[in-house]
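Given next are the chains, with one letter for each unit.
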Amino acid sequence: MSNIERTLSIIKPDAVERNLEDDIKKIFIDNGFKISKLKKVKLEKSEAEKFYKVHETKPFYNDLCLYLSSGPIVVMIIEKDNAVLDNRELMGATNPKEAKDGTLRKKFGISIDKNSVHGSDSIENAKIEIDFFFKD
Ligand code: IDP
Ligand code: MG
């Protein structure tokens, strides 16, 4: 049974700055994802605050929003069977130091905040996050 899902991936400022966009896109494609929409944007801090609202009570919220809005990001809708979970697996743990070999964060992440990629954590949040960036 086919179970095509869509999820949101973001190449964060640290990775865009290091010109890793093409390397990361190739890894998604090599792992069976189709990149169905892509745009490069730079968020205002207020937009990052809205995107990360779920984290607003966390001590790192302000730094996180400053960081996400610090430079251009590449936002993608990626799709495949079980895209949400498969993307989380391919990304690796939030802290690159704990990420498994072969994951994007192990390969490219610098630190827990500069961890190179974002990915939606559930089908429900994927829909919300896709709408956030791509709703007409
Ligand atoms: P995720 O990106 O793996 O889903 P979340 O817990 O949703 O991780 O956190 C969102 C982002 O906030 C992380 O990607 C990371 O950049 C940052 N973050 C999470 N925990 C910490 C922390 O303890 N210190 C600093 N930044 C953090
Ligand atoms: Mg998350």
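Everything numeric in this text was worked out from a predicted model, so none of it was measured. (Residues numbered from 1 in each chain as written. Chains lettered and ligands numbered in written order. Predicted model: local features only at pLDDT ≥ 70, side-chain atom pairs only at ≥ 80, totals over all residues. Heavy atoms only, no water.)

### Side note on the side chain of glutamate 5
One can find glutamate 5 in strand E1 (residues 4-11). Here glutamate 5 occupies a buried position and makes no salt bridge, while the nearest side chain of opposite charge, lysine 127, is found at 8.5 Å. Reaching out from glutamate 5, the side chain makes a polar contact with the backbone nitrogen of alanine 83 at a distance of 3.3 Å. (Helix = DSSP H or I, 4+ residues; strand = E, 2+ residues; numbered from the N terminus. Buried < 20%, exposed > 50% of the residue type's maximum accessible area, 1.4 Å probe, protein only. Lys, Arg positive; Asp, Glu negative; His and termini not counted. Salt bridge = Lys/Arg side-chain N within 4 Å of Asp/Glu carboxyl O. Polar contact = N/O pair within 3.5 Å; in protein donor to acceptor, adjacent residues only side chain to side chain.)

### Topic: unusual backbone geometry
The residue asparagine 82 is not glycine, and still its phi comes out positive at about 50 degrees. Tracing the chain through its elements places asparagine 82 in the loop between strand E3 (73-81) and helix H5 (83-91). Note on asparagine 82: relative accessible area 35%, which makes it partly exposed. The backbone phi angle of serine 116 is positive, close to 70 degrees, even though this residue is not glycine.

### A few points about helix H7 (residues 123-134)
Within an α-helix, residues lying three or four positions from one another point in the same direction, as the helix has 3.6 residues per turn. Helix length check: H7, at 12 residues, gives a terminal C-alpha distance of 16 Å against a target of 16 Å (1.5 Å per residue), a fit within 8%. Considered for burial, the residues of H7 that qualify are Ala126, Glu129, Ile130, Phe133 and Phe134. Axial view of H7: buried residues confined to an arc of 105 degrees, hence all on one face. What points out from H7, more than 90 degrees from its buried face, is the exposed set Glu124, Lys127 and Ile128. Against the buried residues of H7 lie E1, strand E2 (34-41), helix H3 (45-51), E3, H5 and strand E4 (117-119). (Expected span 1.5 Å × (residues − 1). Arc of directions from axis to C-beta. Contact = heavy atoms within 4.5 Å.)

### As for the nonpolar core
Ranked by size, the top nonpolar core spans 17 residues in total, and within it Ile11, Ile24, Phe28 and Leu104 carry the most contacts. Those elements giving two or more residues to this core turn out to be helix H1 (13-17), helix H2 (21-30), E3, H5 and helix H6 (104-108). Residues contacting isoleucine 24, with those up to four places away along its chain left out, are Ile11, Ala15, Leu104, Phe108 and Val117. Core analysis: the next-biggest nonpolar cluster, separate from the first, contains 16 residues, Ala48, Ile73, Ile77 and Ile130 among them. (Core = buried A, V, L, I, M, F, W, Y, C linked by side-chain atoms within 4.5 Å.)

### Some words on the packing of aromatic side chains
The full count for this structure, using the stated rule, is five aromatic pairs. Here phenylalanine 51 and tyrosine 52 contribute two aromatic rings whose centre-to-centre distance is 5.1 Å and whose plane-to-plane angle is 65 degrees, an arrangement assigned as edge-to-face. Ring geometry for phenylalanine 132 versus phenylalanine 133: centroids 4.9 Å apart, planes at 75 degrees, classification edge-to-face. Of the residues examined, phenylalanine 133 reaches a relative accessible area of 7% and is grouped as buried. Three or more aromatic residues joined by ring pairs form one cluster here, namely Phe51, Tyr52, Phe132 and Phe133. Geometry around phenylalanine 134 places lysine 39 over its ring, the cationic atom sitting 5.0 Å from the centre. (Phe/Tyr/Trp six-rings, centres within 6.5 Å; stacked < 30°, edge-to-face > 60°. Lys NZ or Arg CZ within 6 Å of the ring centre and 35° of its normal.)

### Section: the side chain of asparagine 87
Looking at where asparagine 87 falls in the secondary structure, it is placed in helix H5. Given the relative accessible area of 0%, asparagine 87 is considered buried. Once you skip the residues sitting within four places of it in the chain, asparagine 87 turns out to touch Thr7, Leu8, Phe28, Phe33, Ile78 and Gly119.

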